[in-house]
Amino acid sequence: MDETRILPGPGTFEPTRWSVVLTAQAPGDPKYLESWNELVTLYWRPVYRSVRFRWNKPVEEAKDLTQGFFASMFDGGMAGYTPDRGRFRTFLRAALDNFLKNAKRDASRLKRAGAPVAIEDEDVVASTEDLFEREWRRTIFERALDELSKERVEAYECFRRYFLDPSRPTYPEVAKALGLKETDVTNHLHAAKVRMREIVRRLVRESCEGESEFEDEMRELFG
């Protein structure tokens, strides 16, 4: 199993803003599982990499703990979240820290009882904010790139080659590689940037409680 994946992506969501989080708190809603699939897809890697590197867990244990964390959230963990507690990601990071502290405590009990459980003696670093935020942003942009690649192939190829290729080709080099005019490359890059921003805005809105939080998120992403 790839380290950065747990479930395939969900179907396309409309700009529903807060409804994805709300629906994930409502087991009776017809879109309950779909919303959970969306949240897990969006937050799998930030959670996994926080467990893997902040809490210093080996790959397989980090996978197990990540899956266990989402299972705990699915099994009632979301019930404790309300908008007045701040951003959803802040709540999720705190829930992850509590889950891992409890997992460490339980492992310590097993160790004292004689079970062969490997556990660190030193305290782990509890703050997962920086790594969590970085991985969340990366996930957002990768999902936006994936959507762009399916919608606008030439625009995506221009964007990928010009902005993501380590060799940093020039406009003429991109045009030559793709058999396009240089003006076409310029137009495609502009269209790709506009569409990427639209997709990112939609994805960010899905976990924001209101316009103020959404605008704060966008300023952090784009300045």
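Conventions we followed
Residues numbered from 1 in each chain as written. Predicted model: local features only at pLDDT ≥ 70, side-chain atom pairs only at ≥ 80, totals over all residues. Heavy atoms only, no water. Helix = DSSP H or I, 4+ residues; strand = E, 2+ residues; numbered from the N terminus. Buried < 20%, exposed > 50% of the residue type's maximum accessible area, 1.4 Å probe, protein only. Contact = heavy atoms within 4.5 Å. Core = buried A, V, L, I, M, F, W, Y, C linked by side-chain atoms within 4.5 Å. Axes fitted to C-alpha atoms, helices over the stretch in contact; angles between N-to-C directions. Parallel < 35°, antiparallel > 145°, perpendicular 65-115°, else oblique. Nonpolar A, V, L, I, M, F, W, Y, C, P; charged D, E, K, R; others polar. Salt bridge = Lys/Arg side-chain N within 4 Å of Asp/Glu carboxyl O. pLDDT = per-residue confidence, 0-100. Polar contact = N/O pair within 3.5 Å; in protein donor to acceptor, adjacent residues only side chain to side chain.

What follows covers the environment of Leu203. Structurally, Leu203 is set in helix 8 (residues 182-205). Judged by relative accessible area, Leu203 falls into the buried class, the value being 1%. It is 8.2 Å that separates the C-alpha atoms of Leu203 and Ala144, two residues lying 59 residues apart in sequence. Not counting chain neighbours up to four residues away, the residues in contact with Leu203 comprise Glu38, Ile140, Arg143, Ala144 and Glu147.

Once that is clear, we can look at the environment of Val174. Topologically, Val174 is positioned in helix 7 (residues 171-178). C-alpha separation for the pair Val174 and Tyr162, spaced 12 residues apart in sequence, amounts to 6.8 Å. In this structure Val174 touches Cys158, Arg161, Tyr162, Pro169 and Val185, once residues within four positions along its chain are discounted.

Another aspect to go through is the nonpolar core. Burial of nonpolar side chains together is a common tendency in soluble globular proteins. The biggest cluster of nonpolar side chains holds 52 residues, and the ones touching the most others in it are Tyr43, Met78 and Phe88. At 10 residues, helix 2 (residues 32-54) tops the list of elements feeding residues into this core. Beyond its immediate sequence surroundings of up to four residues, Tyr43 is in contact with Phe70, Phe88, Arg89, Leu92, Phe132, Trp136 and Ser207.

As a further point, take the packing of helix 6 (residues 153-164) against helix 8. Running from N to C, helix 6 and helix 8 point in directions that differ by 95°, and their axes come no closer than 8 Å. With respect to their mutual orientation, helix 6 and helix 8 come out roughly perpendicular. Every residue of helix 8 that contacts helix 6 at Glu154, Ala155, Cys158, Phe159, Tyr162 and Phe163 is listed here: Val185, His188, Leu189, Ala192, Lys193 and Met196. Partitioned by chemical class, the residues of the contact of helix 6 with helix 8 number 9 nonpolar, 1 polar and 2 charged.

This part is about the pattern of salt bridges. Tallying each qualifying case throughout the model produces 17 salt bridges. Among the ionic pairs, Glu133 bridges to Arg93, the shortest N-O distance being 2.5 Å. Of this pair, Glu133 sits in helix 5 (residues 129-151) while Arg93 sits in helix 4 (residues 88-112), and the two are 40 residues apart along the sequence. Among the salt bridges present, the one from Asp216 reaches Arg219, with a minimum N-O distance of 2.3 Å. Placement of the pair is Asp216 and Arg219 together in helix 9 (residues 211-222), with a separation of 3 residues, close to one helical turn. Taken together, the salt bridges that share partners define one network made up of Arg45, Arg49, Glu135, Arg138 and Glu142.

A word on unusual backbone geometry. Glycine aside, negative phi is the norm for most residues, and most peptide bonds take the trans geometry. Unusually for a residue other than glycine, Asn56 sits at a positive phi of about 55°. With respect to the helices, strands and loops of the structure, Asn56 is situated in the loop between helix 2 and helix 3 (59-74).

Interpretation of this model should avoid reading the predicted coordinates in detail wherever pLDDT is low. Overall, the prediction assigns the protein a mean pLDDT of 78, with 80% of residues at 70 or greater. Throughout residues 1-17 the model reports pLDDT below 50, and contacts reaching past four residues in sequence, or to other chains, amount to 44 contacts. Predicted confidence for residues 110-128 stays below pLDDT 50, and this span has 28 contacts to residues more than four positions away or in other chains.

With that out of the way, let us pick up the side chain of Arg195. With respect to the secondary-structure elements, Arg195 resides in helix 8. At 3.0 Å, the side chain of Arg195 and the side chain of Glu198 are in polar contact. Excluding anything up to four places from it in sequence, Arg195 contacts Leu148, Glu151 and Arg152.

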